[in-house]
Amino acid sequence: MSAGRLIALAVLLAALPGPVVAQAGALDRSPGISGGFTLVGQTTSDDRITQELVGSFDFRLRLPLGRLALAFYVEGNTTPFTDGVSTLVPEANADAGTALGRDFAGRVQLSEVRLVVPLGDELEVHGGLVDATGFIDRSVLANDENLVFVSAPFVNNPTFLFPDYAPGVAMDGLALGSSLRMEAAVTSSNGIAERLAFPNPDDPDDELDRGIFAAVSATWLDPRYELSVGYWSHTKPVDRLDGAGTGRERGAFSVLDVVLGDHLLTGRAGWANGNVLPREGFLGLAYFWGARDTGGGLGVSRTG
């Protein structure tokens, strides 16, 4: 495949407890405990790439504190093979390598600790160690590698440079009308993964020091669909790819979810500043059918 361009195709056959109709993050909107284990086996026709079995677990806890709540997220991963599918074709498995130590070995880690402050019937403010993907670029269908599609382009927009669990603040559910909601997140650009990859991520010369990450989106709600559009940016300029000065990592995105009975359809699009980022555009389409305890899905996307 040519550098900077990727065409992804994913097929899913799954046993699920009914149709997927809740937004990502809905599991921790009420007090309680949730979690699960995931095993993904992958192989390829390329003899240079080793087939592998990758495992992970996820554990979520929400503790009520009067009107407030504390939310925790703990996850663990097995160690991916250095010549395995998830390492050499990272788009194939978004669940691999999400919890790694400085030696890139699998581990158990506390990924999120958030204080949840409700400010109305729907509006919540979250502060602490947060995952911005839980608030921005969400989808009913293509958003959770442990639930539906495991391929990365069907979990989040690949043109989007989300920090990996970073200190910050997020807002969810700000009503701007009867059917319009606003979401926003402001965090450090250096999350857990970035700090593990570089011993001194706060060094001004560190290539991963992108300043502050900020994103905002608006979502139109309807019983049959949800449409989100938004914008994101890192505040610190970085070198252009052509060496002609600097530019800012930024982009725009959109997500459309359509729910028709047992049929779910998601369209996702993204644009990023191609002067400083190798992935300038993205289009993806995912379909899922689910009835009773079974379901199946198909997705196709293009990144370039």
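Below is a short write-up of the structure. (Residues numbered from 1 in each chain as written. Predicted model: local features only at pLDDT ≥ 70, side-chain atom pairs only at ≥ 80, totals over all residues. Heavy atoms only, no water.)

## Observations regarding empty space enclosed by the protein
Right, so step 1: In this structure the tally under the stated criterion is one cavity of 30 Å³ or more.
Right, so step 2: In this model, the largest cavity occupies a volume close to 40 Å³.
Right, so step 3: Surrounding the largest cavity, Ala142, Pro153, Phe154, Thr266, Gly267, Arg268, Phe282, Gly284, Leu285 and Ala286 form its lining.
Right, so step 4: Taken together, the elements giving at least two residues each to the lining of the largest cavity come down to strand S14 (263-272) and strand S15 (281-291).
Right, so step 5: With four residues, the top contributor of residues to the lining of the largest cavity is S15.
Right, so step 6: Grouping the constituent residues of the lining of the largest cavity by class yields six nonpolar, three polar and one charged. (1 Å grid on protein atoms, 1.4 Å probe; cavity = no way out; pocket = protein on both sides within 12 Å on 5 of 7 lines; lining within 4 Å. Points joined across faces, edges and corners; volume = space filled by probe spheres on them. Helix = DSSP H or I, 4+ residues; strand = E, 2+ residues; numbered from the N terminus. Nonpolar A, V, L, I, M, F, W, Y, C, P; charged D, E, K, R; others polar.)

## Notes on the environment of Phe160
Right, so step 1: Assignment of secondary structure puts Phe160 in the loop between strand S6 (124-130) and strand S7 (166-175).
Right, so step 2: In the structure, Phe160 is positioned 121 residues away from Gly281 in sequence and 10.0 Å away in space, judged by C-alpha atoms.
Right, so step 3: Beyond its immediate stretch of four places on either side in the chain, Phe160 contacts Ile136, Asp137, Phe213, Ala215, Trp232 and Phe253. (Contact = heavy atoms within 4.5 Å.)

## Section: the nonpolar core
Right, so step 1: Membership of the largest hydrophobic core comes to 15 residues, with the highest contact counts inside it found for Ile136, Phe160, Phe162, Phe213, Ala215 and Trp232.
Right, so step 2: Core analysis: the next-biggest nonpolar cluster, separate from the first, contains eight residues, Leu141, Ala142, Val148 and Phe154 among them. (Core = buried A, V, L, I, M, F, W, Y, C linked by side-chain atoms within 4.5 Å. Buried < 20%, exposed > 50% of the residue type's maximum accessible area, 1.4 Å probe, protein only.)

## Digging into the pairing of S14
Regular strands place their side chains on alternate faces of the sheet.
Right, so step 1: Alternating residues of S14 divide into Leu264, Thr266, Arg268, Gly270 and Ala272, all buried, and His263, Leu265, Gly267, Ala269 and Trp271, none buried.
Right, so step 2: Bridge analysis of strand S13 (residues 250-260) against S14 gives ten bridges, and the strand direction is antiparallel. Counted as the bridge partner of Val258 is Leu265 from S14.
Right, so step 3: Hairpin connection, S13 to S14: the antiparallel pair is bridged by two residues, and Gly261 has positive phi, about 65°. (Pairing = 2+ DSSP bridges.)

## Here we look at the packing of aromatic side chains
Right, so step 1: Inspection of every chain in the model, using the stated rule, returns eight aromatic pairs.
Right, so step 2: Ring centres of Phe160 and Trp232 lie 5.2 Å apart, and the angle between their planes is 20°; on these two criteria the pair is classed as stacked. With Phe160 in the loop between S6 and S7 and Trp232 in strand S10 (residues 225-234), the pair connects residues that are 72 residues apart, well separated along the chain. In terms of burial, Phe160 and Trp232 fall into one category: buried.
Right, so step 3: On the basis of an interplanar angle of 50° and a centroid distance of 5.0 Å, the ring pair of Phe160 and Phe253 is categorised as tilted. One end of the pair, Phe160, is in the loop between S6 and S7; the other, Phe253, is in strand S13, and 93 residues separate them in sequence.
Right, so step 4: Under the relative-accessibility criterion, Phe160 is labelled buried at 6%. (Phe/Tyr/Trp six-rings, centres within 6.5 Å; stacked < 30°, edge-to-face > 60°.)

## Section: unusual backbone geometry
Right, so step 1: Unusually for a residue other than glycine, Phe104 sits at a positive phi of about 65°.
Right, so step 2: One can find Phe104 in the loop between helix H1 (85-88) and strand S5 (108-118).
Right, so step 3: Unusually for a residue other than glycine, Asp137 sits at a positive phi of about 60°.
Right, so step 4: You can see Asp137 is positioned in the loop between S6 and S7.

## Remarks on the pattern of salt bridges
Right, so step 1: Enumeration over the complete set of coordinates arrives at ten salt bridges.
Right, so step 2: When the shortest N-O distance is used, the salt bridge between Glu112 and Arg60 registers 3.8 Å. In this pair, Glu112 is assigned in strand S5 and Arg60 in strand S3 (residues 52-65), connecting sequence segments 52 residues apart. (Salt bridge = Lys/Arg side-chain N within 4 Å of Asp/Glu carboxyl O.)

## Section: the environment of Gly251
Right, so step 1: Among the secondary structure elements, Gly251 is positioned in strand S13.
Right, so step 2: It is 5.3 Å that separates the C-alpha atoms of Gly251 and Trp271, two residues lying 20 residues apart in sequence.

## Description of the pairing of S5
Right, so step 1: When strand S4 (residues 68-77) meets S5, the two strands line up antiparallel, connected through eight bridges. Each residue of the ladder has a partner; that of Val74, found in S5, is Leu110.
Right, so step 2: Note that S5 and S6 share six bridges and pair antiparallel. Looking at the pairing, Val116 lines up with His126 of S6.
Right, so step 3: Counting the residues that bridge the hairpin from S5 to S6 gives five residues.

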